[in-house]
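What follows is each chain in one-letter form.
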Amino acid sequence: MNRRRFLQVSAAAAACSLQGFAEKKHKAAAPSLTDVTGERSLRAHAEARGLLVGCAVVPEHLDGETDYAATVAAQSNILVPENAMKWQALRPAADRFDFRAADEILMFAEGHGQKLRGHNLCWHEALPSWFESTVNADNARRFLTEHIQTVAGRYAGKLHSWDVVNEAIDIHSGRADGLRKSPWLEFLGPGYLEIAFQAAKQADPNALLTYNDYGIETDAPDQTEKRAQVLMLVRRLVARRVPIDAVGVQSHLAAGDKPGAGLRDFVRELGRMGLQVFVTEMDVNEQKLEGSVAERDAGVAELYKDYLTMMLAEPNVTAVLTWGITDRYTWLNSDQKHLRPDGKPQRPLPFDSDYQPAPAYFAMRDALDSRAGKEGAPVKSSPDADPYAPFTPKGAAPKLMRQ
Ligand code: 9MR
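Summarised in this report is the structure supplied together with it. (Residues numbered from 1 in each chain as written. Predicted model: local features only at pLDDT ≥ 70, side-chain atom pairs only at ≥ 80, totals over all residues. Heavy atoms only, no water.)

Scanning the chain for helices and strands turns up 15 helices and nine strands. Counting over 403 residues, the chain shows a buried share of 54%. (Helix = DSSP H or I, 4+ residues; strand = E, 2+ residues; numbered from the N terminus. Buried < 20%, exposed > 50% of the residue type's maximum accessible area, 1.4 Å probe, protein only.)

What follows is the structure, given as structure tokens:
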């Protein structure tokens, strides 16, 4: 689909969605479109505070489903492909790349004035079926660097950030450095992270290079241990002058989790090292919540509010993305493992499966509002902050102003 056609579709999507929302409004006294669009969108509230807010997206729905496209367009100033930039999606064969799905997302983002994150360049999952029989200790370095040169090179200058290495820590690996026993570690040793970050820097000097991981959010013992391992890993990278700019805290939370001081201190420590922190994949698993839909939604919303308010109080937290925008397509409803005991679908995201804003939506917006404006100034109702201005860590030398 060419760019003009794509934008036509998006415009139609927005109009259609308005109608859809209006119809739904008559059926229930649920929040209406006017409660959540324009100045009242997550996007506008984030931009007024110099923040990025958005979600993981799937190209088939952006292209094929009007409500989906309109909701993503209205609410986000940053997107990330849920799957379309993974090795498995980009490399149908060892010697062939297919960028069509990833390009579609970039085109949508550019058409709607949105930033785009890349996810991801180096992971032990979502590898193509040919990987196992083709990649080995002799050629792994070439495969990894050529992949990064090709993929990050293609999108150079166009992405906000890249998840360069994803989920490298596994506290059960039995290794002192906590590194996960992945094919990359097996073939290249612990130096594979440095290889990946250096290749990404070379291919796209402008993207913020990110280490991204999960299970580091709460003060539960295993999460505390994993967070400490991640911090040690990041410290080793920084000490070796590896080009890393940010840490992604995935934030796949479960209802009942309590945001704790451990994560806040971790974020502050990263800030002292000059690193940004992104909430990269937030959702709230409500598998174990009992009660009515309203009670379950309230439990989910409470965690959105508490968690994001804590995170956004830290100035180096600059972006919040949820892992999807609507319960209709959450990964948490796609496998047996995450099924609720009563068989009902989970409701982990800001919009329900009919694109109605859930209490989590308003919780998220309140949390965005809790962020002070620039210099602690009151936030104006019309967004004028620059959400893309480079982050200057506290205590870092201020940039000299040009006269
Ligand atoms: O949501 C994604 C799902 O559709 C994919 O099948 C799966 C494997 O590629 O990845 C899921 O997304 C994961 C993300 O890439 C990394 N962090 C955990 C996410 C949820 O499993």
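There is more to say, and it comes next.
Attention now goes to the site of the ligand. Around the ligand sit 13 residues in total, of which Glu82, Lys86, His119, Glu167 and Glu281 are the nearest. At 3.0 Å from an oxygen atom of the ligand is found a side-chain nitrogen or oxygen belonging to Asn83. Between the ligand and Lys86 there is a distance of 2.7 Å, counted from an oxygen atom to a side-chain nitrogen or oxygen. Bound to the protein, the ligand loses 75% of the 450 Å² it would expose on its own. For the shell around the ligand, the per-class residue count stands at four nonpolar, five polar and four charged. (Near = heavy atom within 4 Å. Polar contact = N/O pair within 3.5 Å; in protein donor to acceptor, adjacent residues only side chain to side chain. Areas by Shrake-Rupley, 256 points an atom, 1.4 Å probe, with all protein chains shown as cover. Nonpolar A, V, L, I, M, F, W, Y, C, P; charged D, E, K, R; others polar.)

Looking now at the pattern of salt bridges. For the structure on display, the rule yields 21 salt bridges. Measuring nitrogen to oxygen at the nearest pair gives 2.9 Å for the salt bridge that ties Glu286 to Arg340. Highlighted residues: Glu286 in the loop between β8 (276-285) and α14 (293-312) and Arg340 in the loop between β9 (317-322) and α15 (359-369), separated in sequence by 54 residues. Exposure class is identical for Glu286 and Arg340. Each is buried. Three or more residues are tied together by salt bridges with common partners; here these are Glu286, Arg296, Arg340 and Asp342. (Salt bridge = Lys/Arg side-chain N within 4 Å of Asp/Glu carboxyl O.)

For α14, which comprises 20 residues, the first-to-last C-alpha distance of 28 Å matches the rise-based estimate of 28 Å (1.5 Å per residue) to within 8%. Within α14, the full set of buried residues consists of Arg296, Asp297, Gly299, Val300, Ala301, Leu303, Tyr304, Tyr307, Leu308, Met310, Met311 and Leu312. Residues of α14 that are buried sit in contact with β6 (246-249), β7 (252-254), α13 (261-272), β8, β9 and α15. (Expected span 1.5 Å × (residues − 1). Contact = heavy atoms within 4.5 Å.)

Of note, the amide linkage connecting His119 to Asn120 takes the cis form, showing an omega dihedral of -10°. Looking at the element boundaries, Asn120 is found in strand β3 (residues 115-122). The backbone phi angle of Ser251 is positive, close to 70°, even though this residue is not glycine. The topology assignment puts Ser251 in the loop between β6 and β7. You can call Ser251 buried: its relative accessible area is 0%.

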